Protein chains: 2
Amino acid sequence: MALIVQKFGGDALGDKGKGKSKDGSEPLFGAQFLANKFLQIARIVKRSVDDGHKVIVVVSAMGDATNRLIAMAQALSPKQPAREMDMLMVTGEQQAIALMAIALHALGVPAMSFTGFQVGIITESVFGKARIKDINSDRLKRALAEGVVPVVAGFQGTTRDFEFTTLGRGGSDITAVAVGAAVGADYCEFYKDVDGIFTTDPRMAPRAHKIDRISYDEMLELASLGAGVLQSRSVEFAKNYNVPLHVRSFLHDRPGTYVVPEEKEMEDVVVSGVAFNRTEAKITLLGLPDRPGMAAELFSRVGEKGIVVDMIIQNGAGGGTNDITFTVARSDYDAAMKIAGEVCREIGAKKAEGDDTIAKISAVGVGMRSHADVASKMFRALAADNINIMLISTSEIKISCIIAEKDLDRAVRSVHDAFEAERESS
Amino acid sequence: MALIVQKFGGDALGDKGKGKSKDGSEPLFGAQFLANKFLQIARIVKRSVDDGHKVIVVVSAMGDATNRLIAMAQALSPKQPAREMDMLMVTGEQQAIALMAIALHALGVPAMSFTGFQVGIITESVFGKARIKDINSDRLKRALAEGVVPVVAGFQGTTRDFEFTTLGRGGSDITAVAVGAAVGADYCEFYKDVDGIFTTDPRMAPRAHKIDRISYDEMLELASLGAGVLQSRSVEFAKNYNVPLHVRSFLHDRPGTYVVPEEKEMEDVVVSGVAFNRTEAKITLLGLPDRPGMAAELFSRVGEKGIVVDMIIQNGAGGGTNDITFTVARSDYDAAMKIAGEVCREIGAKKAEGDDTIAKISAVGVGMRSHADVASKMFRALAADNINIMLISTSEIKISCIIAEKDLDRAVRSVHDAFEAERESS
């Protein structure tokens, strides 16, 4: 018998295939359609309860109801006070927990819904993206002791002054992990419309397959690179509190991917997954004078505009000058190019060049730490397919290459299959 | 400068003219339509603030959103736990207060929304129809002192164990009065789609007109008889705590009807209003043996079935038997007739007769206490129109007659105009 936190998000509540008008005037999902989604989830919970497990359910809001509220707030005012938006938004999860508890009752499972406030989720006093400071798990433990399934509202908490707050993007996942940590859950299950975490996107590389077990660190590298089934913040939280995660499908009962503390055998696999994104752009300043403070000047100017820089690479170009290349989110490309041009003129660099048709491909695996020659294997795979590498950066468990966007599909398949072949032969 | 509680209900938020399908699959109101309703209310509040008043706003939920939630709950289960329904329902008011605060901000009025819990509305531990036990007004007073308009969620509170409760029918009105009592408001304004309380329904009697001032007791008699613009519970609450009410229109700025403690001059008007309903039925047991306990037997059997009896009249029919007539809600007519027939047989009464095509007309006024002959004036008005009176009952400030439903329109006009003529000539 295990103590399990089961988290159900928007995809389990029918958000996918929505595509309704954003002004909220279009028909929302019918009551019966949504009721069936709740009952589908309730049957998953009941299965675990019938198997003898103790279960805590965490749910997020029905997306279409939330969209309607946002549309109304925007129709009222172009700028809404953050406190009032949180007051508005937390109602979405509160509706979902009440309906979920009613659905469980309908199947004969004793259940009680709890808001973030009621289970003592205390956050900082920051609206829209508060961090959890404390959870008082007494009420949850009491409900569990009474044989009741607690249904907890994700995404929300209250400050010590009883102000309602929301946890920001991925907040419901964080609630699930935080609740799991507070009650000492055996694991947190995340029910998704995918079978688990894959070695890479199967649409890019047909040989991609589900990973059975992966470490928190590997998951973090894969998540932040766009293979994002789980939000990075919740994985970090799980790592800090040592809460095992299980990403699985709500469409069937087969196991998905366990995200767990690093295990000895994980190092046997050199590369766990291949991540990628097409959301960056690169900018190069050529011929910077080789004086101290040039890089500091450039990146403090970029940072002042709120632009986050991903990779930075500097090469001595010879002749007393340097070239600096960095990448930014594609949405920041124009602003960053403008700054780069200004800095160029001011410090007498040769010129600034940019390219927003790039892509990033990364191989991730804790096995890299103990296996030599991983980088060169990746470079050889790309070279064999005639793919030019523009930039390289490495960390302890990751190697990333910037390439032309047009080459990305072939690159993912080549790199993935090269390491896949190695895994099969090992 | 006054301290005013302003309450806005479903009619101000666009509930009227709704008529959407109950299963929740039909289009709800568009975001812009509802936003305009909120802004219309916000302008009323702003006008009072600009006039130098301190204002607390109380709002109830947007009706169409609530209907959708109820439809979903019903689609999940034929029977929903009351606790979970309250958890679900309180979100409606919470959404409304957040949107209302955003609307006030949009007009430049500093405002903060507060749930029932946040303003310390403590209720009994009864779901669906809790009574308010206490209000801690500290937070409201602090907001007022800071020049902020508090926007309070009607209809809801929490128990001492932090369970969410709702106050039942008319609950938002009760919240407004309770908040008014807690902060010592000068009066509570109820914004409606009518100009105030009328002497009777203008569709029945064209000479009907708005009442300027009326006592709590008169309002209670008028409200419970179906002229119900204000719920009886909130009027009782206002009477107990001496909170003056002002029922007025949200469509213009003219004064409506003040509902206030009884004043000396009110006795000058013999009849303040004429109320009526078509929702009762009458049952007569003929020839009951004239023994003690007959009435007790009958009405305890009726009461056991949860049937509420309105009027009871007993006449000695002579010859050692009695006739008893009573009225019940028309929806309880069949059940009550069945009981009456059973009791008849068991105790050897002659027979039970019923009539569900009756109506009740009542003249109400504190002036009755000091004016003789009010009853006979009412009976003469009815007789002059050839209307037969079936039953009569009187209280200190009310005379009610049961008549045939087909006669009701003429009866209301006759009785209303008879007392109206007297008022004009006085």
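About the cut-offs
Residues numbered from 1 in each chain as written. Chains lettered and ligands numbered in written order. Predicted model: local features only at pLDDT ≥ 70, side-chain atom pairs only at ≥ 80, totals over all residues. Least-squares fit on C-alpha atoms with pLDDT ≥ 70 in both. Pairing = 2+ DSSP bridges. Helix = DSSP H or I, 4+ residues; strand = E, 2+ residues; numbered from the N terminus. Axes fitted to C-alpha atoms, helices over the stretch in contact; angles between N-to-C directions. Contact = placed C-beta atoms within 7 Å. Parallel < 35°, antiparallel > 145°, perpendicular 65-115°, else oblique. Left-handed = near helix turned anticlockwise from the far one by under 90°. Nonpolar A, V, L, I, M, F, W, Y, C, P; charged D, E, K, R; others polar. Domains from an automatic or database assignment. Buried ≥ 20, exposed ≤ 12 C-beta atoms within 10 Å, placed from the backbone. pLDDT = per-residue confidence, 0-100. Expected span 1.5 Å × (residues − 1).

Caption draft 1: Representation of the relation of the copies chain B and chain A within the structure. With an axial shift of 0.0 Å and an RMSD of 0.1 Å, the rotation relating chain B to chain A amounts to 180°. In the structure described here, the two chain copies are related by an operation that fits a two-fold rotation axis.

Caption draft 2: Summary view of the sheet that holds strand β3 (residues 111-114) of chain B. Residues and elements named next belong to chain B. Pairing in this open sheet of eight strands is mixed, and the strands run β3-β6-β2-β1-β9-β11-β12-β10 from one edge to the other. Two strands in the sheet have a free side with no partner beyond their single neighbour: β3 and β10 (213-215). The average angle at which neighbouring strand axes cross in this sheet is 25°, direction not considered. As paired elements, strand β2 (residues 54-59) and strand β6 (residues 149-153) share three bridges and run parallel to each other. When the bridges of β6 are listed, V59 appears paired with A153. Here helix α3 (residues 82-106) sits on the sheet and contacts β2, β3 and β6; the angle it forms with β3, its principal contact strand, is near 175°. Across the sheet, helix α5 (residues 171-183) touches β1 (3-8), β2, β6 and β9 (187-192), and the angle it forms with β1 is around 170°.

Caption draft 3: Local environment of the interface of chain B and chain A. Each side of the interface is counted separately: chain B has 40 residues, and chain A has 39 residues. At the level of secondary structure, the elements contributing two or more residues to the side of chain B that touches chain A comprise α1 (31-50), α2 (63-76) and α3 of chain B. In terms of residues, the side of chain B that touches chain A owes the most to one element, α3(B), which gives 14 residues.

Caption draft 4: Structural detail: the packing of α1(B) against α3(B). All names here are of chain B. Interaxial distance between α1 and α3 falls to 9 Å at its minimum, and their mutual angle equals 60°. In terms of their interaxial angle, α1 and α3 are classed as oblique. In this structure, α1 crosses over α3, and the sense of that crossing is right-handed. Each of F38, L39, I41, A42 and V45 in α1 lies in contact with α3, whose residues at this interface are L99, M100, A103 and L104. Here the residues of the contact of α1 with α3 sort into nine nonpolar, no polar and no charged.

Caption draft 5: Structural context of the domain arrangement of chain A. For chain A, the domain assignment lists domain 1 (3-193) and domain 2 (263-426). Each of domain 1 of chain A and domain 2 of chain A has a C-alpha centre, and these two points are 38 Å apart.

Caption draft 6: Looking closely at the pairing of strand β13 (residues 273-277) of chain B. Residues and elements named next belong to chain B. Taking burial as the measure, the five residues of β13 include five buried ones, the bulk of the element. Going residue by residue along β13, you find G273, A275 and N277 tucked away on one face and V274 and F276 tucked away on the opposite face as well. Relative to strand β18 (residues 358-364), β13 runs antiparallel, the two being bridged by five bridges. Bridging from a neighbouring strand, F276 pairs with I361 of β18.

Caption draft 7: Seen up close, the sheet that holds β13(B). All names here are of chain B. Strand order across the open sheet formed by four strands is β13-β18-β20-β19, with antiparallel pairing between neighbours. A strand with exactly one partner marks an edge of an open sheet, and here the two such strands are β13 and β19 (391-395). Across the sheet, the mean angle separating the axes of adjacent strands is 20° when strand polarity is ignored. The sheet contact formed by β19 and strand β20 (residues 398-404) spans five bridges and is antiparallel. Directly across from S393, in β20, lies its bridge partner S400. Along the sheet, helix α10 (residues 374-384) contacts β18, β19 and β20; its crossing angle with β20, the most-contacted strand, is approximately 20°. Against the sheet, helix α11 (residues 408-425) makes contact with β13, β18 and β20, and its axis sits at roughly 10° relative to β18, the strand it touches most.

Caption draft 8: View of the confidence of the model for chain A. Residues and elements named next belong to chain A. Taken over all residues, the pLDDT of chain A has a mean of 90, while the share at 70 or more is 95%. Below a pLDDT of 50 lies the segment residues 17-26, which in the model reaches 20 contacts outside its immediate sequence neighbourhood of four places, other chains included. As scored by the predictor, the complex reaches a pTM of 0.86 and an ipTM of 0.85.

Caption draft 9: Inspection of helix α3 (residues 82-106) of chain A at higher detail. All names here are of chain A. Helix length check: α3, at 25 residues, gives a terminal C-alpha distance of 37 Å against a target of 36 Å (1.5 Å per residue), a fit within 8%. Of all 25 residues that make up α3, 22 are buried, and the element is covered over most of its length. G108 lies just past α3 and shows a positive phi near 85°.

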